[in-house]
Amino acid sequence: MLRFLTAGESHGPALGGIIDGLPAGLEINEDYINRQLSRRQKGHGRGKRMAIETDTVKILSGVRHGKTLGSPVFLIVENRDYSNWQQIMSASGPGTGERQVFRPRPGHADLAGGMKYGHEDLRNVLERASARETAMRVAVGAVCRRLLEELNIMIYSQVVAIGQVRAESMPVDHESLPQLMEKIDASPVHCYDEEAAAAMMAEIDTARVRGESLGGCFEIGALNIPPGLGSYTQWDRRLDSRLAGGLMSIPAVKAVEVGDGVAAAGRFGSQVHDQIYYEAEGGIRRSTNRAGGIEGGVSNGETVWVRCYMKPIPTLYNPLTSVNIRTWQEEQAQVERSDICAVPAAAVIGEAVAAWVIAGVLLEKFGGDTMQEIKTSYKRYLEYLRRVWKWERTSF
Ligand SMILES: Cc1cc2nc3c(=O)[nH]c(=O)nc-3n(C[C@H](O)[C@H](O)[C@H](O)COP(=O)(O)O)c2cc1C
Ligand SMILES: C=C(O[C@@H]1CC(C(=O)O)=C[C@@H](OP(=O)(O)O)[C@H]1O)C(=O)O
């Protein structure tokens, strides 16, 4: 079973992550993970913290001579900002009482977390509730992405809305993907459509001037997924529920839509379901993919695609009304250094989460202790699909 845990406070010394259940023999190195970490740090609308951090990972265990050993992989990413917070974060001594938080920010974890854990200083909540933790999730996801690459599976993302500004989602196929991703990565808002991207940036600038924040929507896709990942046999084995749960765990993501899920709810069945055809060459195929590549919680061989909807960032430089929890007087919410919009970063985090979920279901189906065993079993399955089901669309 593939599992991971992360630890670390936003302004503490470091983030840590342990991945357990990886096979032996997977090639991985720090540079590969760092490339994904750097993608997460980009995006128009980020605050000053991203100028302080240059996220880089250290692999502390589970990898030797560039390959996984089959034992737990232990990763850390240091917080450069810690040097500015060391006194504040320490248990005692000068500075310990500074930067306490008593005016909970509506939309953040401050108040609910304070009530739950009995913290009077709400910094004790926000330090862990902060999306800083997602840096480690991207590091973990990068290892899973490497595993998927070995099976020729690729993951992409693109931002399709910031506030009210929408962009067409770019159709993606396996061949065009590397070039498309290069262009999307070069966009300051992680969006293929240049005109929409310019409007999105202007929208973020307007929000900044007004002391406001913005959310939006991003799409995540996985290409070259074979039919048969996930299962309808138990609720917790469904690929759609696992993807939705994972993606919803990204801070501020408030809805996950599989394929055309939301629009489909308002249409007739004949306008929604993807008809099935057969061709002597190429075998079974669909001409549409409104289902998002998943039927009955099982991948159907089409591109798996989902959309995630992110709410606006809770910290507002023009703050909303709150209550001081020491005096019970109405006051404006705390203002902490903050992003204005983090949808482009969330898209990269979404890729990492999707990579982790898909690697997990893959290992459940083709699991072995070594990459070689997994590849052999994967190959055998694709041969079966070709022989029995005339399925030839998954390349390996
Ligand atoms: C990449 C990323 C960066 C974020 N940056 C901030 C930020 O700077 N300030 C803030 O208040 N919230 C930020 N958030 C959102 C909060 O972390 C999130 O709203 C909060 O943890 C409460 O969780 P919830 O929105 O899921 O209920 C960010 C989220 C992500 C994914
Ligand atoms: C640190 C990151 O995001 C942070 C997420 C975050 C929050 O409240 O979620 C608040 C901000 O923290 P700070 O006040 O230290 O600037 C963001 O910068 C990161 O993405 O690496």
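Residues numbered from 1 in each chain as written. Chains lettered and ligands numbered in written order. Predicted model: local features only at pLDDT ≥ 70, side-chain atom pairs only at ≥ 80, totals over all residues.

An unreviewed UniProt entry lists the protein chain under the name Chorismate synthase, from Syntrophothermus lipocalidus. According to the UniProt record, the Sequence similarities (unreviewed entry) comment for the protein chain reads "Belongs to the chorismate synthase family." Listed in UniProt under the heading Catalytic activity (unreviewed entry), the comment for the protein chain reads: "5-O-(1-carboxyvinyl)-3-phosphoshikimate = chorismate + phosphate". (UniProt positions renumbered as here; feature names shortened; annotations may be inferred.)

Asks: Which parts of the structure should I look at to understand the environment of Ile 225?
Replies: With respect to the helices and strands, the residue Ile 225 is situated in the loop between β9 (216-223) and α9 (239-248). A tally of 28 C-beta atoms within 10 Å means that Ile 225 is categorised as buried. C-alpha separation for the pair Ile 225 and Asn 300, spaced 75 residues apart in sequence, amounts to 8.3 Å. Excluding anything up to four places from it in sequence, Ile 225 contacts Ile 153, Gly 293, Ser 299 and Val 304. (Helix = DSSP H or I, 4+ residues; strand = E, 2+ residues; numbered from the N terminus. Buried ≥ 20, exposed ≤ 12 C-beta atoms within 10 Å, placed from the backbone. Contact = placed C-beta atoms within 7 Å.)

Asks: Looking at this structure, how should I read the site of ligand 2?
Replies: In the vicinity of ligand 2, 13 residues are found, and the nearest of them are Arg 49, Ser 130, Ala 131, Arg 132 and Arg 337. When its residues are assigned to classes, the shell around ligand 2 shows three nonpolar, four polar and six charged. (Near = placed C-beta within 6 Å. Nonpolar A, V, L, I, M, F, W, Y, C, P; charged D, E, K, R; others polar.)

Asks: Can you help me understand the sheet that holds strand β2 (residues 14-20) in this one?
Replies: Hydrogen bonds between backbone atoms are what pair the strands of a sheet, whose relative direction is either parallel or antiparallel. Read from one edge to the other, the open sheet built from four strands follows the order β1-β2-β6-β3, with strand pairing classed as antiparallel. What marks the edges here is a single partner per strand, and that holds for β1 (3-7) and β3 (57-61). Each adjacent strand pair in this sheet contributes to an overall mean axis angle of 20°, direction not counted. By the bridge criterion, six bridges tie β2 to strand β6 (residues 73-78) in an arrangement that is antiparallel. (Pairing = 2+ DSSP bridges. Axes fitted to C-alpha atoms, helices over the stretch in contact; angles between N-to-C directions.)

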